[in-house]
Each structure stands twice: as structure tokens, then as C-alpha cells.
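Next come the chains, spelled out residue by residue.
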Amino acid sequence: MTSSASARLEPPAPARGPLVLLVEDETSIGSLLRGYLERDGYRLAWVRSGEEALLELGRRAPQLVVLDVGLPGMDGFEVCRRIRARSSVPIVMLTARDEEPDRVAGLELGADDYVTKPFSPRELAARIKAVLRRVDSGDPRDELTVGDVVLRKSAREVTVAGKPVGLTGKEFDLLAFLLEHPGIVFSREQLLDRVWGLAYPGGTRTVDVHVAQMRRKLARPDLVQTVRGAGYKAARN
Ligand code: CA
């Protein structure tokens, strides 16, 4: 069966790939992207306004959002801000102009990357892949360095300016997780899930307490940053 010519010519099986929420009001661009990304193995949920995007985000759990800046009603920046208030889902923004203020605004609001129109679907697909890879796998290296802070996973050791810092097990795990995903914002719920495990019965306050202790011990306030209304992220090196 599997070796027959007809099987090879059939359209791909229903994709089980990552679910992408596409927010784009222009039909021509939306259908082009949907076709391309579905062929690439993604599942697509396509909405045409920010209001619908926020609703959809509450109903489903996309692995990534592709968000156009120019939308009817609420613009993409406002949508980005509102998504970040409740979720750290990766966001790739589609900006209409290659203007610095637009790009900076998007990234400051917590977008993970952006593509400037006009762009090729191939370029967008490459960005999506890169962002998902960064979020999924983290940094595989044993030694992670940001400024004068060095973390060695195998030795479970952290030094600041060459001096060892005594972190508790969970403080270490939390720091390691954040440093493995530099620049990516994680909500308190996600950090509880990823660092403590789903079974952990405590509340999100636990995360704040650990971050505060870790910051005090490291004395590097910019290393782990609070993103208001969203969560925490580690500085990029
Ligand atoms: Ca648009």
C-alpha cells in the first residue's frame, strides 16, 4: 500500500504539526500563507482581527502567533500587548514598513521576531521554524554565559565574576531554564510547569520568591528581567 504511486500522490495526511494562529485581514496574504504553512506541516487557525485572535487564543493553545500590525480595529501592537498580558506564546509580527520604530515597538511589546512586508512565505516559514526551535529545545550547551555570570549545567554550578554563588536546587533549575531560552518571556504558570513540574501544588508566588532570592544572590539585576503583566525573561548575552 505505502509503496503505490497513488499513495505518494495523495495530499499529505492531516497535519499534526504545531498549531499556528495567523492574524491577517488581507485575504490574498492570508490564503497564501495558510497554503504554504500547511504544506510545511503546520496546522493553521486563521482569523482576521485582533478581537478574534484574543478569543481564539482563549479557546485553543497555539504554539505560535503570526500577527499582522495593520489590522482593522485594534492594531497588531495592541493585540501583542494584550496577548503578552496573559501568555508567552511566541509571536512573529508582520510589519508593513521597514521602519525602525515599528520593529522596536513590536520587540519591546514582547514579540519574538518580525518579518517586513513584502516578504516571501519561505522567509516567514524560516522565522517561524527558528523561533519554535529556540522555544522548544533551549540552548544545548553545558556552559551558559551572560556577562560575567557563568552557569555550568553538569556541575550545577554558577559563578559571578569567577566567584561561586550558592543557589538552591530550584533556583538553579529556574536560572538554567531561563538562560537556555534567552530573550523569551515565560509566564509564572509556564515556569511552574517547566521547572517545578505539573504536579507542583504551590501557587505562582513561588516563582516570584525564587526569582527574588536568585537576584539577591547573583547581584546582577538585569540578568533575569521582569516583563510587566507577562512574566520573566533572561537577558540575551
Ligand atoms: Ca493587514
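Here is a short report on the structure shown in this document. Everything numeric in this text was worked out from a predicted model, so none of it was measured. (Residues numbered from 1 in each chain as written. Predicted model: local features only at pLDDT ≥ 70, side-chain atom pairs only at ≥ 80, totals over all residues. Heavy atoms only, no water.)

## Some thoughts on the sheet that holds strand β6 (residues 143-146)
So, point 1. On the basis of which strands lie adjacent, the open sheet formed by 4 strands has the order β6-β7-β8-β9 and antiparallel pairing. Since the sheet does not close on itself, it has two edges, and those belong to β6 and β9 (163-165), each with one partner. The average angle at which neighbouring strand axes cross in this sheet is 25 degrees, direction not considered. (Pairing = 2+ DSSP bridges. Helix = DSSP H or I, 4+ residues; strand = E, 2+ residues; numbered from the N terminus. Axes fitted to C-alpha atoms, helices over the stretch in contact; angles between N-to-C directions.)

## Focus on unusual backbone geometry
So, point 1. The omega torsion across Lys117 and Pro118 is -5 degrees, close enough to zero to call that bond cis.
So, point 2. Tracing the sequence through the fold places Pro118 in the loop between β5 (113-116) and α6 (121-137).
So, point 3. In this model, Ala219 sits at a positive phi of 55 degrees, which is unusual for a non-glycine residue.
So, point 4. Here Ala219 is to be found in the loop between α9 (205-218) and β10 (224-227).

## As for the sheet that holds strand β3 (residues 64-68)
So, point 1. Taken in spatial order, the 5 strands line up as β2-β1-β3-β4-β5 in an open sheet, and their pairing is parallel. If you trace the sheet from one side to the other, it starts and ends with β2 (43-47) and β5, each paired once. Neighbour-to-neighbour, the strand axes of the sheet open up by a mean angle of 20 degrees, direction not taken into account.
So, point 2. Sheet analysis places β3 next to strand β4 (residues 91-95), joined by 4 bridges and oriented parallel. Its bridge partner lying in β4, Asp68 is registered against Leu94.
So, point 3. Contacting β1 (19-23), β2 and β4, helix α2 (residues 27-39) crosses the sheet at an angle of about 170 degrees to β2.
So, point 4. Helix α3 (residues 50-59) rests against β1, β2 and β3 of the sheet, and its axis sits at about 160 degrees to β1. (Contact = heavy atoms within 4.5 Å.)

## Concerning the packing of α3 against helix α4 (residues 76-84)
So, point 1. At their nearest, the axes of α3 and α4 sit 10 Å apart, and the two run at 20 degrees to each other. With respect to their mutual orientation, α3 and α4 come out roughly parallel. In this structure, the crossing between α3 and α4 has a hand that is right-handed. Between α3 and α4, the contacting residues are Gly50, Ala53, Leu54 and Leu57 on the first element and Val79, Arg82 and Ile83 on the second. (Parallel < 35°, antiparallel > 145°, perpendicular 65-115°, else oblique. Left-handed = near helix turned anticlockwise from the far one by under 90°.)

## Notes on the environment of Thr226
So, point 1. Counting through the fold element by element, Thr226 comes out in strand β10.
So, point 2. Overall, Thr226 belongs to the partly exposed group, its relative accessible area being 45%.
So, point 3. Sequence separation between Thr226 and Val211 is 15 residues; the distance between their C-alpha atoms is 9.4 Å.
So, point 4. Beyond its immediate chain neighbours, meaning those up to four positions away, Thr226 contacts Arg215, Gly231 and Tyr232.
So, point 5. A polar side-chain atom of Thr226 sits 2.8 Å from a polar atom in the side chain of Arg215. (Buried < 20%, exposed > 50% of the residue type's maximum accessible area, 1.4 Å probe, protein only. Polar contact = N/O pair within 3.5 Å; in protein donor to acceptor, adjacent residues only side chain to side chain.)

## Focus: α4
So, point 1. Within the span of α4, buried status applies to Gly76, Phe77, Val79, Cys80, Ile83 and Arg84. Projected down its long axis, α4 shows its buried positions confined to an angular sector of 160 degrees, all on one face.
So, point 2. Where α4 begins, the capping side chain belongs to Asp75, and its oxygen is found 3.1 Å from the backbone nitrogen of Phe77. (Arc of directions from axis to C-beta.)

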